[in-house]
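Read off the chains here:
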Amino acid sequence: LIQTEGQQRVIALSAKSGATKWSTPVAAEYANGQGAGPRGTPAFAGGSVFVFTGDRTLARLKLSDGSVEWTHNVLIRHGGRPADYGMACSPLVVSDMVVVQAGATGGTVVACDIKTGEPRWTSGKGESAGYSSPTLLTISGSTQIVAFTGGSVSGIDLKAGEQLWRYPYKTD
């Protein structure tokens with residue numbers, strides 16, 4: 001995921017030569033006071049690549065040719081505004097969902113259907129996004145998504161998105 005030619009683009013490079021195999025735009029260029037371009041890294045699953053751009057565009061592309069399978073802007077769909085630094089979360093692909101930290105009015109953490117991109121669940125409301133990616137952990141025998149937001153860390157149920165626990169903290 002790079003920014004070039006006025007766009008945030010997903011590119012695939014040849015492992016042997018380093019030559020560009022394909023380059024697909026997924027969002028307009030992104031810039032703010034902290035710099036320009038996307039902040040997260042892609043995730044790969046089932047022949048697809050998933051990206052989350054600096055301005056909250058979540059997209060799925062075919063790994064073979066870079067064609068867009070679906071895309072949506074989490075900001076528009078769930079409300080809110082980009083984090084001060086821009087969205088720095090890398091997507092987490094788990095089961096049949098892709099999960100990102102949105103920091104949106106309608107959901108701090110958002111899980112979307114891997115095939116369609118449609119929302120499956122949201123967790124938390126109105127808490128700002130943190131500059132980290134959700135991860136999958138097993139805690140006390142319970143497999144859950146753990147996310148550090150702008151003001152807390154929480155464990156989230158995989159199926160329903162219910163918050164299992166939350167530990168608030170203050171940052172400066």
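This section reports on the structure supplied with the text. (Residues numbered from 1 in each chain as written. Predicted model: local features only at pLDDT ≥ 70, side-chain atom pairs only at ≥ 80, totals over all residues. Heavy atoms only, no water.)

1. Quick look at the pairing of strand E9 (residues 68-73)
Thought 1: Across five bridges, strand E8 (residues 57-62) lies against E9 in antiparallel orientation. Looking at the pairing, Thr57 lines up with Asn73 of E9.
Thought 2: Between E8 and the antiparallel strand that follows it, E9, lie five residues; Gly66 among them carries a positive phi value of about 80°. (Pairing = 2+ DSSP bridges. Helix = DSSP H or I, 4+ residues; strand = E, 2+ residues; numbered from the N terminus.)

2. Let's talk about the side chain of Thr57
Thought 1: Its place among the elements puts Thr57 in strand E8.
Thought 2: Looking at Thr57, the relative accessible area reads 7%, which means it is buried.
Thought 3: A polar contact of 3.4 Å, which involves the side chain of Thr57, links it to the side chain of Asp55.
Thought 4: With residues up to four places along the chain from it excluded, the contact list for Thr57 reads Val26, Ala27, Val51, Phe52, Thr71, His72 and Asn73. (Buried < 20%, exposed > 50% of the residue type's maximum accessible area, 1.4 Å probe, protein only. Polar contact = N/O pair within 3.5 Å; in protein donor to acceptor, adjacent residues only side chain to side chain. Contact = heavy atoms within 4.5 Å.)

3. Let's talk about the side chain of Asp113
Thought 1: Structurally, the position occupied by Asp113 is in strand E12 (residues 107-113).
Thought 2: Using a relative accessible area of 18% as the deciding quantity, one classes Asp113 as buried.
Thought 3: A polar atom in the side chain of Asp113 sits 3.0 Å from the backbone nitrogen of Thr116.
Thought 4: Of note is the side chain of Asp113, whose polar atom sits 3.3 Å from the side chain of Arg120.
Thought 5: Apart from the residues lying within four places of it in its own chain, the contact partners of Asp113 are Trp70, Asp96, Glu118 and Arg120.

4. A look at the environment of Gln3
Thought 1: With respect to the helices, strands and loops of the structure, Gln3 is situated in strand E1 (residues 2-4).
Thought 2: Linking Gln3 and Pro25, residues 22 residues apart in sequence, is a C-alpha distance of 9.0 Å.

5. Considerations on the sheet that holds strand E15 (residues 142-148)
Thought 1: Read across the open sheet, the four strands follow the order E14-E15-E16-E17; overall the sheet is antiparallel. A strand with exactly one partner marks an edge of an open sheet, and here the two such strands are strand E14 (135-139) and strand E17 (163-168). With direction set aside, neighbouring strand axes in the sheet form an average angle of 30°.
Thought 2: Pairing analysis gives five bridges linking E14 to E15, with the strands arranged antiparallel. Its bridge partner being in E15, Ile139 is matched across the sheet by Ser142. (Axes fitted to C-alpha atoms, helices over the stretch in contact; angles between N-to-C directions.)

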